[in-house]
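Chain and residue survey
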Amino acid sequence: MIVVTGASGQVGGRVAKLLQKPHTLLVREPKKAPETDKTVKFAEYADKTGMAKALEGADTLFLVSGREDANRRKTHETAVDAAVQAGVQRIVYLSFAGAAPDCTFTFGRDHWYTEQYIRETGLKFTFLRDNLYMEMIPRLADELGVIKGPGGTGRLAAVSYDDVAAAAVAVLENPRDGETFTLTGPEAFSLQEAAEVLHLRYVPETVEEAYASRAHYNAPAFEVAGWVTSYEAIANGELEEVTGDVEALTGQKPRSLQELRGA
């Protein structure tokens, strides 16, 4: 039996609808539970006891990364420990493209750490490293339709929620143990090019300007750093790799930005 976490979210929700093998959905709280005829359980990643109980009887865990948090590494650790305690045999973890201990995107470092922690458990695993979500690009724009950030002229190979979910279902239905896949769209493009396709405007910022322009949100420092370094990773070319992994896993070419705009 498979447990699908993040079942009220964009990727987990899609996986839950597409998956044909028997599965249970896991969400943080009842008010976020999707309407479904599947079994729904509730637990927070940071609650090891609750997670272990929710995972009882599962052989595979689809682990969507937890919410952005200063303690996300520890939270992921606890969720993985709960999986081990519950007797889960395999984890399919939704990671991030270019995850590394020193990658520019600070949240990407959390993903690398989680990958290593999963490896150390001895469980079977598959890592799905997705690029930035294509659907997020329009949401980067302010109320005037302007995307501002220190992305320079760098390129990103953004990927759609649908393609990530389809790839996840593919490895949940037909396990690819010990493998890592980088999920991207069919092409890499700059933020300037993306803005043109989406009828928006892109205004490059320096790193200093980016931190200053986001100060009014009064967000925690770790969160602002994540926002800004995502643009820096684009500028540095860390998100420009285009792979054929989506098509290799699903048999379908990934959606392009133009197709997303027309959807």
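Source: prediction; values computed, not measured.

**Let's talk about the environment of Val246**
On the secondary structure map, Val246 appears in helix α9 (residues 245–250). Val246 sits in the buried class, given a relative accessible area of 1%. The spacing of Val246 and Ala46 is 200 residues in sequence and 31 Å in space, taken between C-alpha atoms. Aside from chain neighbours lying at most four places away, what touches Val246 is Val159, Asp163, Leu183, Thr184, Gly251, Gln252 and Pro254.

**A few points about helix α3 (residues 72–86)**
One turn of the α-helix equals 3.6 residues, which is why residues spaced by three or four share an orientation. Its 15 residues give α3 an end-to-end C-alpha distance of 21 Å, which sits within 8% of 21 Å, the value for a rise of 1.5 Å per residue. Along α3, the residues classified as buried are Arg72, Thr75, His76, Glu77, Thr78, Ala79, Val80, Ala82, Ala83 and Ala86. Considering only its buried residues, α3 is in contact with α2 (48–54), β4 (60–64), β5 (90–96) and α4 (106–121). Backbone geometry just after α3 places Gly87 at a positive phi near 90°.

**Some remarks on the environment of Ser213**
Inspection of the secondary structure puts Ser213 in helix α7 (residues 207–213). Assessed through its relative accessible area of 29%, Ser213 is described here as partly exposed. Along the sequence, Ser213 and Lys148 sit 65 residues apart, while their C-alpha atoms lie 8.9 Å from each other.

**Here's the deal with the pattern of salt bridges**
Pairing is possible between side chains of opposite charge, provided their charged atoms come close. Tallied over the full model, the rule gives eleven salt bridges. Residue Asp177 is joined to Arg90 by a salt bridge in which the shortest nitrogen-to-oxygen separation is 2.7 Å. Residue Asp177 is found in the loop between α5 (161–173) and β9 (179–183), and its partner Arg90 is found in strand β5; the two are separated by 87 residues along the sequence. Since its relative accessible area comes to 33%, Asp177 is described here as partly exposed. The salt bridge partner of Asp162 is Arg255, with a shortest N-O separation of 3.2 Å. Pair noted here: Asp162 is in helix α5 and Arg255 is in the loop between α9 and α10 (257–262), with a separation of 93 residues, a long-range link. Given a relative accessible area of 34%, Asp162 falls into the partly exposed group. Here the salt bridges share partners, and the residues they tie into one network are Arg14, Asp162 and Arg255.

**Digging into the packing of aromatic side chains**
If you walk through the whole model with that rule in mind, you get eight aromatic pairs. Centroid distance Tyr113 to Tyr117: 6.4 Å. Interplanar angle 20°. Geometry classified as stacked. Pair noted here: Tyr113 and Tyr117 are both in helix α4, with a separation of four residues, about one helical turn. Measuring from ring centre to ring centre gives 4.8 Å for Tyr133 and Tyr161, while their planes differ by 45°; the resulting arrangement is tilted.

**Structural notes on the sheet that holds strand β6 (residues 124–130)**
Overall, parallel pairing links the seven strands, which are arranged β3-β2-β1-β4-β5-β6-β9 in an open sheet. Each end of this open sheet is capped by a strand with a single partner; those strands are β3 (40–42) and β9. Strand-to-strand twist across the sheet, computed as the mean angle between neighbouring axes with direction ignored, equals 20°. Where strand β2 (residues 23–27) and β3 come together, three bridges link them in parallel fashion.

The rules behind the values
- Residues numbered from 1 in each chain as written.
- Predicted model: local features only at pLDDT ≥ 70, side-chain atom pairs only at ≥ 80, totals over all residues.
- Heavy atoms only, no water.
- Helix = DSSP H or I, 4+ residues; strand = E, 2+ residues; numbered from the N terminus.
- Buried < 20%, exposed > 50% of the residue type's maximum accessible area, 1.4 Å probe, protein only.
- Contact = heavy atoms within 4.5 Å.
- Expected span 1.5 Å × (residues − 1).
- Salt bridge = Lys/Arg side-chain N within 4 Å of Asp/Glu carboxyl O.
- Phe/Tyr/Trp six-rings, centres within 6.5 Å; stacked < 30°, edge-to-face > 60°.
- Pairing = 2+ DSSP bridges.
- Axes fitted to C-alpha atoms, helices over the stretch in contact; angles between N-to-C directions.

Interpretation note: all reported values are geometric properties and have no functional meaning in isolation.
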